[in-house]
Amino acid sequence: MKLNYKRTILIGLAFMSICSFWQFYDNEIPKILTYHFGLGETWTGAIMALDNILALFMLPVFGSISDKVDTKIGKRMPFILIGTFVSSALLILLIYVAHVSSNLALFIAILFFLLLSMGTYRSPAVALMPELTPAVHRSKANAIINLMGTLGAVYTLVMIKMLLKSAENEADTNYIPLMLSLVIFMVLTVMILFITIPENKLITKVREGVDDFDGEGGRLNDNDHERIKDLASVDASDSDRATVSNSVSARISDAEKNTESNSVNDAKGDLLTKDVKRSMLFLLLSVFLWFTAYNAVTTAFSRYVGEVWGLRNGAYADCLMVATVAAVLAYLPIGNLSAKIGRKLTILMGVALMVLCYLAAALMPQYNPIMNFYFGLIGIGWAAINVNSYPMVVEMGRSSVIGKYTGLYYTFSMAAQVFTPIFSGFLLEHVSYRTLFPYAVVFSMLAFITMLMVRHGDTKPLKRRTPIKVEKI
């Protein structure tokens with residue numbers, strides 16, 4: 001079965017809608033807080049951190065809830081539709097309040113509920129892709145989803161350029177045309193998604209003739225149950241006369257333990273064995289570590305180039321733009337590469353590439369145009385990680401718990417984005433700005449080490465364990 005590119009693009013409309021909003025939030029809400037309401041950098045930063053803090057709790061909760069929901073329009077679709085419509089209404093109200101009033105408390109209250117609304121459907125929206133895509137194609141599909149998200153962000157940037165006209169006094173800037181273009185885009189993309197992707201029908205259709213839809217997550221338990229069946233087929237009289245070696249006895253014990261554990265986990269909807277849980281933990285720890293490294297660089301680089309290299313007038317933008325463009329161009333090739341050599345190896349190569357580039361940047365005493373090349377490689381390395389890490393997480397479970405694992409993935413990535421500005425910022429302020437790239441090197445190397453410990457979630461087909469045979473004397 002080949003990847004259905006058309007369907008994957010349509011599924012990506014949900015993520016496109018979400019990314020269009022977050023691009024607006026990151027770019028324009030700080031300006032409204034600063035210029036319209038007169039807040040300082042500290043309070044503006046604290047309010048802007050609300051989304052990451054709320055995400056730590058909301059994304060896993062609503063991802064798990066969506067696993068258990070069963071409606072006529074699907075498991076994820078109700079969250080996407082209701083979340084989008086409520087968020088759009090609150091965004092209209094938010095900008096209207098900012099336009100006609102200077103009531104900061106009311107603005108923050110509406111913003112808080114808007115962030116809550118956005119948090120209810122991000123995990124379900126992202127989980128829709130693996131739910132409707134065979135495991136073997138999820139890296140390629142995730143590359144397309146990332147591209148769709150980038151296009152959503154680009155749409156918002158284009159609308160900002162076209163519709164947002166700064167007034168002489170920034171506090172008087174009219175955001176209503178931009179807000180309307182964003183609301184129309186968000187609602188329209190999600191309505192197209194709803195019309196073209198009948199989730200309930202597709203859940204059955206995409207699994208027809210696909211024995212290995214859930215990949216490793218679907219195979220792990222099947223192997224253990226088959227081994228127990230093989231053992232149970234031995235007659236009592238024969239077993240009394242059988243001589244079983246120590247190694248076989250150990251395998252029998254393991255199989256019995258796994259079956260007992262899985263029977264408990266089945267009741268909870270969680271099918272992870274002890275070994276897979278270990279891999280999941282190391283993978284999620286890796287996610288935290290490489291986000292800690294990457295986000296430190298992307299958030300502080302604009303200040304780094306001024307403090308260390310003495311550059312001004314937005315000189316940092318070229319490097320970050322090169323990294324973004326390189327990542328976008330690499331998404332699809334990376335998806336194809338990982339299908340051939342495996343997700344884990346592709347990620348390790350990406351992390352290693354980023355370590356080398358961070359190290360090279362740390363050793364540069366002054367700016368050199370070669371930094372654009374290094375950042376291009378950083379973008380490619382980040383694409384190798386980004387395309388494959390989420391599919392590895394959901395590969396370890398079946399479709400019935402994809403929302404839960406999606407939430408866990410975002411919890412660890414968001415935790416890094418809360419932690420790293422504080423910790424790296426402390427080092428930049430109290431030690432030196434030159435700690436930025438060594439900081440990224442250290443956390444990336446730690447991510448490489450923890451990633452080596454991951455044994456599950458790859459695209460390579462697992463060899464089925466041979467049935468245990470008990471020889472008769």
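Please refer to the structure placed before this passage.
Residues numbered from 1 in each chain as written. Predicted model: local features only at pLDDT ≥ 70, side-chain atom pairs only at ≥ 80, totals over all residues. Heavy atoms only, no water.

If you had to explain the overall build of the protein to someone new, which residues and values would you point to?
Helix and strand content of the protein: 18 helices and zero strands. Within the protein, the fraction of its 473 residues that count as buried is 52%. By sequence separation, contacts in the protein at least 24 residues apart represent 83% of the contacts at least 6 residues apart. By element, 64% of the accessible surface of the protein is carried by carbon and sulfur atoms, the whole surface being about 21600 Å². (Helix = DSSP H or I, 4+ residues; strand = E, 2+ residues; numbered from the N terminus. Buried < 20%, exposed > 50% of the residue type's maximum accessible area, 1.4 Å probe, protein only. Contact = heavy atoms within 4.5 Å. Areas by Shrake-Rupley, 256 points an atom, 1.4 Å probe, with all protein chains shown as cover.)

If you had to explain the nonpolar core to someone new, which residues and values would you point to?
Side chains of a nonpolar character, in soluble globular proteins, are inclined to be buried together. Counting residues in each nonpolar core, the largest one holds 126 residues, and the members touching the most others are Ile29, Leu91 and Trp290. Setting aside its immediate chain neighbours within four residues, Ile29 contacts Phe24, Met48, Leu94, Phe107 and Leu111. Core analysis: the second largest hydrophobic core is formed by eight residues, Ala327, Ala330, Tyr331 and Ala383 among them. (Core = buried A, V, L, I, M, F, W, Y, C linked by side-chain atoms within 4.5 Å.)

Hey, could you go over empty space enclosed by the protein for me, with residue numbers and the actual values?
Counting across every chain of the model gives two cavities of 30 Å³ or more. Approximately 40 Å³ is the volume found for the largest cavity. Around the largest cavity, the lining comprises ten residues; the ones closest to its centre are Leu3, Asn4, Arg7, Leu132 and Pro134. Space inside the second largest cavity adds up to approximately 30 Å³. In terms of lining, the second largest cavity is formed by Trp290, Val351, Met354, Ile385 and Ser444. The residue makeup of the lining of the second largest cavity, split by class, is four nonpolar, one polar and no charged. (1 Å grid on protein atoms, 1.4 Å probe; cavity = no way out; pocket = protein on both sides within 12 Å on 5 of 7 lines; lining within 4 Å. Points joined across faces, edges and corners; volume = space filled by probe spheres on them. Nonpolar A, V, L, I, M, F, W, Y, C, P; charged D, E, K, R; others polar.)

Quick rundown of the packing of aromatic side chains? Include the residues and the values.
Counted according to the given criterion, the structure contains 25 aromatic pairs. Measuring from ring centre to ring centre gives 5.7 Å for Phe288 and Phe419, while their planes differ by 40 degrees; the resulting arrangement is tilted. Of the two residues, Phe288 sits in helix α13 (residues 274-307) while Phe419 sits in helix α17 (residues 402-430), which places them 131 residues apart along the sequence. The rings of Phe301, Tyr304, Trp309, Tyr358, Tyr367, Phe375 and Phe437 are connected pair by pair, giving a single aromatic cluster. (Phe/Tyr/Trp six-rings, centres within 6.5 Å; stacked < 30°, edge-to-face > 60°.)

Quick one: what's the story with the environment of Gly407, residue by residue and with numbers?
As for its position among the elements, Gly407 is in helix α17. Gly407 gets classed as buried once you look at its relative accessible area, which sits at 0%. Sequence separation between Gly407 and Pro60 is 347 residues, and the spatial gap between their C-alpha atoms is 3.5 Å. Sequence-distant contacts of Gly407, defined by excluding residues within four places in its chain, comprise Leu59, Pro60 and Ser123.

An account of the environment of Lys72 is requested, with residue identities and associated values reported.
As for its position among the elements, Lys72 is in the loop between α4 (50-68) and α5 (77-100). A relative accessible area of 83% means that Lys72 is categorised as exposed. Between the alpha carbons of Lys72 and Pro198 there is a distance of 9.7 Å; along the sequence they are 126 residues apart.

Describe in detail the packing of helix α2 (residues 13-36) against helix α8 (residues 176-196), supporting the description with residues and values.
For the pair α2 and α8, the least separation of the axes is 8 Å and the interaxial angle reads 160 degrees. Between α2 and α8, the angle falls in the class roughly antiparallel. The element α2 and its partner α8 pack so that their crossing is left-handed. Within the contact between the two elements, α2 uses Leu13, Ala14, Met16, Ser17, Ser20, Phe21, Phe24 and Glu28 and α8 uses Leu178, Leu182, Phe185, Met186, Thr189, Val190, Ile192 and Leu193. Class assignment of the residues belonging to the contact of α2 with α8 gives a composition of twelve nonpolar, three polar and one charged. (Axes fitted to C-alpha atoms, helices over the stretch in contact; angles between N-to-C directions. Parallel < 35°, antiparallel > 145°, perpendicular 65-115°, else oblique. Left-handed = near helix turned anticlockwise from the far one by under 90°.)

Pulling in residues and values, what's your account of the pattern of salt bridges?
According to the stated counting rule, one finds four salt bridges in the structure shown. We note a salt bridge from Glu28 to Lys31, for which the minimum N-O separation is 3.2 Å. Placement of both Glu28 and Lys31 in helix α2 is noted, with a separation of three residues, approximately one turn of the helix. Overall, Lys31 belongs to the partly exposed group, its relative accessible area being 25%. Via salt bridges that share partners, Asp67, Arg76 and Glu131 belong to a single interconnected network. (Salt bridge = Lys/Arg side-chain N within 4 Å of Asp/Glu carboxyl O.)

Account for helix α16 (residues 370-395), naming residues and giving values.
A rise of 1.5 Å per residue sets the reference length of α16, with its 26 residues, at 38 Å; its end C-alpha atoms lie 38 Å apart and thus fit the reference within 8%. Burial within α16 is extensive, with 21 of its 26 residues counted as buried. (Expected span 1.5 Å × (residues − 1).)

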